[in-house]
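Overview (structure and organization)
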Amino acid sequence: MKKFFNKINPHNKEFRLIEHRRTLFLTPFIPILIAMVVMIIVGFTGRYPLNLGMDFVGGYSITVEHSQMTQGETDREKFNYIRSRIEGFEFEGTNYNISVRNNFLRQGEGDNASLRINFRPVAGFDDARMLQLNAALRDYLQRELFPTTFDGYVIQGDSVSATISSELIRNTIIAIIVISILLLIYIAWRFQFLQGVATIIGLLHDVIIVFAFMAITRMEIGATFIAVLLTVVGYSINDNIIVFDRVRENQKNLMLKDKSLAYITNLSIKETLTRTLVTTLTTIVSIAVLAIFGVPSVRIFVAPIIVGFAAGIFSTTFITPGIWVGLAETWAGYKKKKQNKGGQPISKKQKTAIAVSES
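Residues numbered from 1 in each chain as written. Predicted model: local features only at pLDDT ≥ 70, side-chain atom pairs only at ≥ 80, totals over all residues. Heavy atoms only, no water.

1. Observations concerning the overall build of the protein
A count of helices and strands for the protein gives 12 helices and four strands. Across the 359 residues that make up the protein, the buried fraction comes to 42%. By sequence separation, contacts in the protein at least 24 residues apart represent 70% of the contacts at least 6 residues apart. For the protein, the accessible surface area stands at approximately 19,500 Å², while carbon and sulfur atoms represent 61% of it. (Helix = DSSP H or I, 4+ residues; strand = E, 2+ residues; numbered from the N terminus. Buried < 20%, exposed > 50% of the residue type's maximum accessible area, 1.4 Å probe, protein only. Contact = heavy atoms within 4.5 Å. Areas by Shrake-Rupley, 256 points an atom, 1.4 Å probe, with all protein chains shown as cover.)

Okay, structure coming up:
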């Protein structure tokens, strides 16, 4: 293991990252497998494998405005108290164990302060039935939370339709497909087609890792998650272009014309690694402050971005360049074999030489 890390250490003169690409490709499968296990276990409990927000599955909310009986307590303590009252609620003599989401939204300050708490629909209840339950829950909480006076304290019940979920999912898929096509066209024109294919695979890796993080942590996936994915994809694209631009420059270097494609790629990664780490980590530190000191709604937005940026560093360094070298060598070997009338196989050294000459 120590020998392996020495070979991929950028300070090592024998920096050989591409040669160990197959081993590095296996690393992302660890969080992916953990996420799959978590999703399967959660699925057996009857819940969604992913913690989908109200934007995707619909739901209901109760807004408690200026709860005087909990003044002086933290928002979390207020939330927990209100949740305990909701979980003890009986509708028409039956307790349906209403599932309250483990997050809340604070609005306003002082006498105008309010807490909005979301909960999922009761299984088997249609919209009309849920509206009746929501009205009964609102009246119940009014009695439970404000037993002495109702003046100035309003509890509002709202519902959110899940019909927008199909639009969100469709628009997200379309956006990612359009980005991938435009990216492939740009890189094929500016660099090489196979580099564009490798970049798209690397971006797919980043997106999957973000989904794995959300599955493992059970953080809620709402409409802002779409912005998270697009932000991560955009940042990773920039890092990949930087690496491939350095590869192109090194391929034009006369001193490196006899070097293999793996050697040139290793050198290019080594030369750009510091830049990739510094710029990305600087951004991560900046937005990490929001995750630490921000409200829960901001933390839900920032945390997956941090994970996505970290995954982008990994894919830019260990995934995308290795995939490109593998594709280039395979394509060069295929062309050489096709040109060889005798059908004699060629060595790996010949493949890399052909790939360098064609790129």
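2. A few points about unusual backbone geometry
The phi torsion at E92 lies on the positive side, around 55 degrees, for a residue other than glycine. Here E92 shows up in the loop between α5 (75-87) and β2 (100-107). In the Ramachandran plot, R218 falls in the positive-phi region, its phi being about 60 degrees despite a non-glycine side chain. Within the secondary structure, R218 sits in the loop between α8 (193-217) and α9 (224-252). For R218, a relative accessible area of 22% corresponds to the partly exposed category.

3. Considerations on the packing of aromatic side chains
A complete count under the given rule lists six aromatic pairs for this structure. With a centroid separation of 4.9 Å and 50 degrees between ring planes, the pair formed by F314 and F318 is classed as tilted. Here F318 and F314 lie together in helix α11 (residues 296-339), a separation of four residues that amounts to about one turn. Its guanidinium or amino end placed over the ring of Y263, K259 lies 4.8 Å from that ring's centre, counting from NZ or CZ. (Phe/Tyr/Trp six-rings, centres within 6.5 Å; stacked < 30°, edge-to-face > 60°. Lys NZ or Arg CZ within 6 Å of the ring centre and 35° of its normal.)

4. Some words on the nonpolar core
Grouped together as the largest cluster of nonpolar side chains are 48 residues, with contacts concentrated most on L17, I18, I221, F225, I237, F309 and W324. Considering every element that reaches this core, the biggest residue donor is α11, with 12 residues. Apart from the residues within four sequence positions on either side, I237 is in contact with I179, L183 and L203. Residues I62, F79, I117 and Y140 belong to the second largest nonpolar core, which totals 22 residues. (Core = buried A, V, L, I, M, F, W, Y, C linked by side-chain atoms within 4.5 Å.)

5. Structural notes on the confidence of the model for the protein
For the protein, the mean per-residue pLDDT works out to 78, and 79% of the residues sit at or above 70. By mean pLDDT, helix α1 (residues 2-7) is the weakest element of the protein at 48, and α8 is the strongest at 91. For residues 4-8, every residue scores under 50 in pLDDT, and the model assigns this stretch 14 contacts once sequence neighbours within four places are set aside. (pLDDT = per-residue confidence, 0-100.)

6. Some words on the packing of α8 against α9
A packed helix pair is summarised by two numbers, namely the angle formed by the two axes and the spacing between the axes. Contact geometry of α8 with α9 gives a least axis separation of 10 Å together with a crossing angle of 145 degrees. Crossing handedness for the pair α8 and α9: right-handed. Seen from α8, the contacting residues are Q195, T199, L203, D206, V207, V210, F211 and M214; seen from α9, they are F225, L229, V232, V233, S236, I237, N240, F244 and V247. Tallied by class, residues from the contact of α8 with α9 come to 12 nonpolar, four polar and one charged. (Axes fitted to C-alpha atoms, helices over the stretch in contact; angles between N-to-C directions. Left-handed = near helix turned anticlockwise from the far one by under 90°. Nonpolar A, V, L, I, M, F, W, Y, C, P; charged D, E, K, R; others polar.)

7. Let's talk about the pattern of salt bridges
In this structure the tally under the stated criterion is six salt bridges. Across the pair R275 and D239 runs a salt bridge, and its minimum N-O distance is 3.0 Å. With a gap of 36 residues between them, R275 in helix α10 (residues 261-293) and D239 in helix α9 connect regions that are remote in the sequence. Relative accessible area serves as the criterion here: at 31%, R275 is assigned to the partly exposed category. Since its relative accessible area comes to 2%, D239 is described here as buried. Through salt bridges with shared partners, a single ionic network connects R246, E249 and E271. (Salt bridge = Lys/Arg side-chain N within 4 Å of Asp/Glu carboxyl O.)

8. Quick notes on the environment of F309
Residue placement: F309 occurs in helix α11. By relative accessible area, F309 is classed as buried at 5%. Distance in space between the C-alpha atoms of F309 and V233 is 9.0 Å, their sequence separation being 76 residues. Contacts of F309, omitting those with residues within four sequence positions, involve T231, V232, Y235, T280, T283, I284 and I287.

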